[in-house]
Amino acid sequence: MKKDPRLATTQADFEKQFALLSQIRDKLTETHDGILRIRDVRAQLQDFAKRQKENKSAADAVKAAEELAKKLTAIEETLYQTKNKSSQDPLNYPIQLNNKLAALAGVVGGSDNPPTDQSYVVYEDLVTRINAQLNGLKTALDADLARFNELVRKAPVPAVTPAALK
């Protein structure tokens, strides 16, 4: 591919653009991987809480599961707009961090110029905010999930609980 000869953009300018776009892509991937982990763990926690709701000996574990699920939901909702269901919903619900970072990729990649200083400032701001959420996720999974698992081990909770017949 050749550059447009009418442009004054240098190879170094294109390399700066590519480098920033690569960083954006990598952070989006990390963000989306975190969202997938949240959804997986939360589904397991909710399933446990549902199955053990009536088990008095598992009350502490059920409460811990519900609290951790809420914490994970708050992190997810900061990273990703979970209320978007139709094409009109972005008008009603604000975009979240992952969408803002993806939009920045469009700004950076939509030009034949090197990224602007403002693009770098926005990138750093978004990455700082995303990292705070991902660090919160790491803490939740390392500490809170470990505490929940310990409560499950201490409670006489069966590994499999069949659903009640109706």
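See the structure above.
If you're wondering where the values come from, they're calculated on a predicted model, not measured in any experiment.

Bringing the packing of helix α1 (residues 11-52) against helix α4 (residues 97-109) into the picture now. The N-to-C vectors of α1 and α4 enclose an angle of 160°; their axes lie 10 Å apart at closest approach. By the angle class used here, α1 and α4 are roughly antiparallel. By crossing handedness, the relation of α1 to α4 is classed as left-handed. Here Q17, L20, L21, I24, K27, L28, T31 and H32 of α1 lie close against α4, whose contacting residues are N98, L101, A102, L104, A105, V108 and G109. Tallied by class, residues from the contact of α1 with α4 come to nine nonpolar, five polar and one charged.

The next point concerns the environment of P162. Structurally, the position occupied by P162 is in the segment after α5 (117-154). Taking the C-alpha atoms as reference points, P162 and R51, separated by 111 residues in sequence, lie 8.3 Å from one another.

As a further point, take α5. Each turn of an α-helix holds 3.6 residues, which means side chains three or four residues apart point in the same direction. For α5, spanning 38 residues, the distance from its first C-alpha to its last is 54 Å, which sits close to the expected 56 Å at 1.5 Å a residue. Of all the bends found along α5, the most pronounced is centred on A140 and spans about 30°. Regarding α5, the residues found buried are S119, Y123, L126, V127, I130, L134, L137, A140, L141, L145 and F148. Lining the buried residues of α5 we find α1, α2 (59-79) and α4.

Our next topic: the nonpolar core. Of all hydrophobic cores here, the largest spans 34 residues; its most connected members are I24, L45, L72, L101 and F148. Apart from the residues within four sequence positions on either side, I24 is in contact with L101, L104, A105, V108 and Y123.

In this section: the environment of T116. If you trace the backbone, T116 turns up in the loop between α4 and α5. For T116, a relative accessible area of 39% puts it in the partly exposed group. The spacing of T116 and L137 is 21 residues in sequence and 31 Å in space, taken between C-alpha atoms.

Look at α4: 18 Å from first C-alpha to last across 13 residues, which is about the 18 Å you get at 1.5 Å a residue. Of the residues making up α4, those classed as buried are L97, N98, L101, L104 and V108. Summarising the axial view, the buried residues of α4 lie within an arc of 115°, below the 170-degree limit, and thus occupy one face. Those residues of α4 hidden inside the fold are in contact with α1, α2 and α5.

Under the counting rule described, the total for this entry stands at one aromatic pair. With a centroid separation of 5.1 Å and 85° between ring planes, the pair formed by F48 and F148 is classed as edge-to-face. On the criterion of sequence distance, the pair formed by F48 in helix α1 and F148 in helix α5 is long-range, its members being 100 residues apart. By the burial criterion, F48 is buried, and F148 matches it.

Moving on to the pattern of salt bridges. All chains considered together, the criterion is met by 13 salt bridges. The residue K71 makes a salt bridge to D144 at a minimum N-O spacing of 2.5 Å. Placement of the pair is K71 in helix α2 and D144 in helix α5, with a sequence separation of 73 residues. The class of K71 is partly exposed, set by a relative accessible area of 39%. On the accessibility criterion, D144 (22% relative accessible area) is partly exposed.

So, how was this worked out
- Residues numbered from 1 in each chain as written.
- Predicted model: local features only at pLDDT ≥ 70, side-chain atom pairs only at ≥ 80, totals over all residues.
- Heavy atoms only, no water.
- Axes fitted to C-alpha atoms, helices over the stretch in contact; angles between N-to-C directions.
- Helix = DSSP H or I, 4+ residues; strand = E, 2+ residues; numbered from the N terminus.
- Parallel < 35°, antiparallel > 145°, perpendicular 65-115°, else oblique.
- Left-handed = near helix turned anticlockwise from the far one by under 90°.
- Contact = heavy atoms within 4.5 Å.
- Nonpolar A, V, L, I, M, F, W, Y, C, P; charged D, E, K, R; others polar.
- Expected span 1.5 Å × (residues − 1).
- Bend = angle between axes of the 7 residues up to and from the residue.
- Buried < 20%, exposed > 50% of the residue type's maximum accessible area, 1.4 Å probe, protein only.
- Core = buried A, V, L, I, M, F, W, Y, C linked by side-chain atoms within 4.5 Å.
- Arc of directions from axis to C-beta.
- Phe/Tyr/Trp six-rings, centres within 6.5 Å; stacked < 30°, edge-to-face > 60°.
- Salt bridge = Lys/Arg side-chain N within 4 Å of Asp/Glu carboxyl O.

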